[in-house]
Amino acid sequence: MKRSRLTSVRRSAGALIAGAVLLGFFDPTDARADAPVACTVLEIEASTSDAPAVDPALRPLEKKLKKPPFSSWNTFKRLGAHTVTLELMKGSTLTLVHGKAGLILREVTARGPKKARVALGITLDDSDGKRVLDSKVAVDAGDFLVVGRSLRGGTGQLVALSCKP
Amino acid sequence: MSKVTDPDLMMLADGELDAAEASSVERAAGAAGAAKIAGLRQVGELVRGHLELAADDAEDRLGALWGLVERRLDAPTASVDEAVRAAPAAVESSGMWVRLMQWVDVHRGHLLTGALSAGAVAALAFVLRAEPQVEIRTVEVPVTGSSAGPEPRDPIVLVATPPEVESLEVSGGTGTVFTIEGEDGGSDTAVIWVTPDDVLEGI
């Protein structure tokens with residue numbers, strides 16, 4: 001009885017030491033490969049008007065929207081915002097004003113001093129349910145990726161997304 | 001006396017019988033009894049001689065003890081310590097270990113009492129010990145531009161990696177990939193743009 005208790009204590013101490021060693025060797029800021037990521041998805045309508053305006057809700061993207069190719073429009077309105085948590089290799093579908101967007105988290109990697117990398121699969125369907133785009137991309141965690149298409153009437157649909165573990 | 005036993009012979013050899021009994025026993029014992037008596041006397045002499053020799057050997061050691069006893073008898077109020085100190089020859093001849101043991105014998109009660117008291121105090125101190133109190137203080141350290149101290153370490157900056165488009169499939173239109181350069185060291189932004197075939201206007 002006493003011996004087994006001692007063995008248990010020794011095992012617990014060993015586990016604690018191993019945990020401490022692991023914590024010491026690995027940066028706690030590193031992302032786990034199987035950790036879920038939280039994605040922010042913004043649907044934006046781009047148009048041209050006599051009163052240029054950028055929706056205040058799009059402030060993080062404001063500077064980018066004033067650069068080509070978006071500079072051909074001068075009015076940007078946020079149509080919707082979604083926050084979705086993606087798990088590895090599990091797809092998620094978002095209903096947009098102009099169609100649907102599909103997201104799947106393919107991989108999350110953290111490589112030393114580099115930012116965590118998020119690999120995504122993205123699909124974009126139009127309002128008729130027709131698949132417009134199917135792409136695989138990899139971006140740094142927290143950076144925006146913009147997927148868009150031209151609509152009738154000289155407007156555009158932008159889907160900006162940013163994911164971070 | 002009809003029969004002589006060994007105890008009778010031993011009492012005869014030790015001289016514990018009076019003259020009448022002794023002569024009666026000697027007659028009854030005969031030649032065999034006389035031999036036994038002679039043997040007993042020889043053994044008795046050997047034992048006495050051995051004890052006398054042992055007493056002679058111990059006389060030096062016992063002399064100091066006897067002197068101590070006599071002094072104790074002469075001065076009954078003197079303490080044992082004083083008597084021991086008064087016989088330095090005996091103490092010196094005993095050695096350090098014997099002196100230590102004598103001191104322990106004398107103060108055994110004091111030592112036990114002291115040990116028990118120390119144990120009780122330690123147990124109380126362990127049980128009644130106060131919980132450690134941690135006080136956190138924030139001290140502002142002025143930053144000086146002198147080169148006396150070590151150079152401050154640069155903050156860790158994670159390296160950005162440009163976005164990658166690994167695959168792109170577009171249905172009924174044309175796909176274009178742009179990259180908008182980041183400002184102020186910011187990351188680049190990837191743009192995937194689809195221009196449907198049935199849309200004349202585009203960017």
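Predicted model, so just to flag it, every value in this text is computed and none were measured.

Draft legend 1. Structural detail: the state of the cysteines. Residues and elements named next belong to chain A. The final tally for this structure, using the stated rule, is one disulfide over all chains. There is a disulfide in this structure between C39 and C163, and the S-S distance comes to 1.9 Å. Across the S-S bond linking C39 and C163, the dihedral sits near 110°, which makes this disulfide right-handed. With C39 in strand β1 (residues 37-47) and C163 in strand β9 (residues 156-164), this pair connects stretches of sequence that are 124 residues apart. The exposure class of C39 is buried, given its relative accessible area of 0%.

Draft legend 2. Region of interest: the sheet that holds strand β5 (residues 99-109) of chain A. Overall, antiparallel pairing links the five strands, which are arranged β4(A)-β5(A)-β6(A)-β7(A)-β1(B) in an open sheet. Each edge of the sheet is formed by a strand with only one pairing partner; in this case those strands are β4 (91-96) of chain A together with β1 (164-170) of chain B. With strand direction ignored, the average angle separating the axes of adjacent strands in the sheet is 15°. One ladder, built from six bridges, connects strand β7 (residues 131-140) of chain A with β1 of chain B; its direction is antiparallel. Bridging across to β1 of chain B, D134 of chain A finds its partner in E169 of chain B.

Draft legend 3. Looking closely at the interface of chain B and chain A. Each partner contributes residues to the interface: chain B has 37 residues there, and chain A has 41 residues. Buried area between chain B and chain A, both sides added, is near 3100 Å², and the carbon and sulfur share of it is 53%. Along the contact surface separating chain B from chain A lie two salt bridges. One salt bridge connects R117 of chain A with E164 of chain B, and the closest N-O pair in it is separated by 2.9 Å. Looking at the side of chain B that touches chain A, the elements with two or more residues in it are β1, β2 (173-180) and β3 (189-196) of chain B. Class assignment for the residues of the side of chain B that touches chain A results in 19 nonpolar, nine polar and nine charged. Note that strand β8 (residues 144-150) of chain A and β3 of chain B share five bridges and pair parallel. Counterpart to L145 of chain A in the pairing with β3 of chain B is A190 of chain B.

Draft legend 4. Structural view of the side chain of D125 of chain A. Residues and elements named next belong to chain A. In this fold, D125 is placed in strand β6 (residues 117-125). Separated by 2.5 Å, the side chains of D125 and R131 make a polar contact. Apart from residues lying up to four places away in sequence, D125 is in contact with H98, G99, K100, K130, R131, V132 and R149.

Draft legend 5. Representation of the pairing of β6 of chain A within the structure. All names here are of chain A. Taking burial as the measure, the nine residues of β6 include nine buried ones, the bulk of the element. Burial of β6 is two-sided: the residues R117, A119, G121, T123 and D125 facing one way and the residues V118, L120, I122 and L124 facing the other way are all buried. Where β5 and β6 come together, nine bridges link them in antiparallel fashion. Considered in β6, the bridge of G102 is made with T123. As judged from the nine bridges shared by β6 and β7, these two strands associate in the antiparallel manner. Counterpart to L124 in the pairing with β7 is L133. Connecting β6 to the next strand, β7, in antiparallel fashion are five residues, including G129 with a positive phi near 85°.

The rules behind the values
Residues numbered from 1 in each chain as written. Chains lettered and ligands numbered in written order. Predicted model: local features only at pLDDT ≥ 70, side-chain atom pairs only at ≥ 80, totals over all residues. Heavy atoms only, no water. Disulfide = S-S within 2.5 Å. Helix = DSSP H or I, 4+ residues; strand = E, 2+ residues; numbered from the N terminus. Buried < 20%, exposed > 50% of the residue type's maximum accessible area, 1.4 Å probe, protein only. Pairing = 2+ DSSP bridges. Axes fitted to C-alpha atoms, helices over the stretch in contact; angles between N-to-C directions. Contact = heavy atoms within 4.5 Å. Buried area = accessible area lost by both parts, 1.4 Å probe. Salt bridge = Lys/Arg side-chain N within 4 Å of Asp/Glu carboxyl O. Nonpolar A, V, L, I, M, F, W, Y, C, P; charged D, E, K, R; others polar. Polar contact = N/O pair within 3.5 Å; in protein donor to acceptor, adjacent residues only side chain to side chain.

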